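Analysis of the macromolecular model
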Amino acid sequence: MWRRRVGSLLRLWGFWPTGVPGRRPLSCDAASQAGSNSPRCWNCGSPGGPGRENGFFCPQCRALQAPDPTRDYFSLMDCNCSFRVDTVKLQHRYQQLQRLVHPDFFSQRSQTEKDFSEKHSTLVNDAYKTLLAPLSRGLYLVS
């Protein structure tokens, strides 16, 4: 008896979808968490933070974003995930990324962007050094 009344009230208020019997109503937490899956920019709050195409800058305010901790060295350096790596292409990609994120280019920016720049630059350096040497590349592939 109460279930029908509660269900109709929830349906009336928009928390329970109409025509879907047996579905549980959304809680306020679930509704707010459903939209929070997309990363947001630390500076302007716009959606599409670190999960963008290059993962470095916000598409709205162009602020440097935090490095993506789940990104592997091969995808960062735009290489195939194999033992054979084109070292010329690797060197060009390294120089391209350093032109984007080197800390010298962020001296007039906020402290947050300076810190992110250092982290990105360190990550790019580590990826380059690891993928350039065959032994370290092989060990990275195995791990």
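Residues numbered from 1 in each chain as written. Predicted model: local features only at pLDDT ≥ 70, side-chain atom pairs only at ≥ 80, totals over all residues. Heavy atoms only, no water.

Per the stated rule, a full pass over the model turns up four aromatic pairs. Taking the centre distance of 5.9 Å and the plane angle of 45° together, the rings of F74 and Y140 count as tilted. A residue pair is termed long-range when its members are at least 10 positions apart, and F74 in helix α3 (residues 73-76) and Y140 in helix α6 (residues 134-142) qualify at 66 residues. Since its relative accessible area comes to 2%, F74 is described here as buried. An aromatic cluster is present here, built from Y73, F74 and Y140 joined pairwise through their rings. The ring of F83 has R137 lying over it, and the distance from NZ or CZ to the ring centre is 5.2 Å. (Phe/Tyr/Trp six-rings, centres within 6.5 Å; stacked < 30°, edge-to-face > 60°. Helix = DSSP H or I, 4+ residues; strand = E, 2+ residues; numbered from the N terminus. Buried < 20%, exposed > 50% of the residue type's maximum accessible area, 1.4 Å probe, protein only. Lys NZ or Arg CZ within 6 Å of the ring centre and 35° of its normal.)

A covalent bond between the sulfur atoms of two cysteines is referred to as a disulfide. All chains considered together, the criterion is met by zero disulfides. We note that C61 lacks a disulfide partner, and the nearest cysteine sulfur, in C41, lies 3.6 Å from it. (Disulfide = S-S within 2.5 Å.)

Enumeration over the complete set of coordinates arrives at one salt bridge. One salt bridge connects R109 with E113, and the closest N-O pair in it is separated by 2.8 Å. Under the relative-accessibility criterion, E113 is labelled buried at 7%. (Salt bridge = Lys/Arg side-chain N within 4 Å of Asp/Glu carboxyl O.)

All right, on to the environment of Q65 then. Relative to the elements of secondary structure, Q65 occurs in the loop between α2 (28-34) and α3. Residue Q65 is classed as buried on the basis of its relative accessible area of 1%. On a C-alpha basis, the gap between Q65 and T112 in space is 9.0 Å, while along the polypeptide they are 47 residues apart.

Generally speaking, nonpolar side chains in soluble globular proteins are found buried as a group. Ranked by size, the top nonpolar core spans 18 residues in total, and within it F56, L64, L76, M77 and L90 carry the most contacts. Beyond its immediate stretch of four places on either side in the chain, L90 contacts M77, C79, V85, Y128, L131 and L132. (Core = buried A, V, L, I, M, F, W, Y, C linked by side-chain atoms within 4.5 Å. Contact = heavy atoms within 4.5 Å.)

A few words now on the environment of S75. The topology assignment puts S75 in helix α3. Considering only alpha carbons, one finds S75 and A127, 52 residues apart in sequence, at a separation of 9.9 Å. A polar contact of 2.8 Å, which involves the side chain of S75, links it to the side chain of D72. (Polar contact = N/O pair within 3.5 Å; in protein donor to acceptor, adjacent residues only side chain to side chain.)

Moving on: unusual backbone geometry. Unusually for a residue other than glycine, R62 sits at a positive phi of about 60°. Within the secondary structure layout, R62 lies in the loop between α2 and α3. Of note, the phi angle at D78 is positive, near 60°, even though the residue is not glycine. Residue placement: D78 occurs in the loop between α3 and α4 (87-101).

All we've got here are geometric facts, nothing functional implied.
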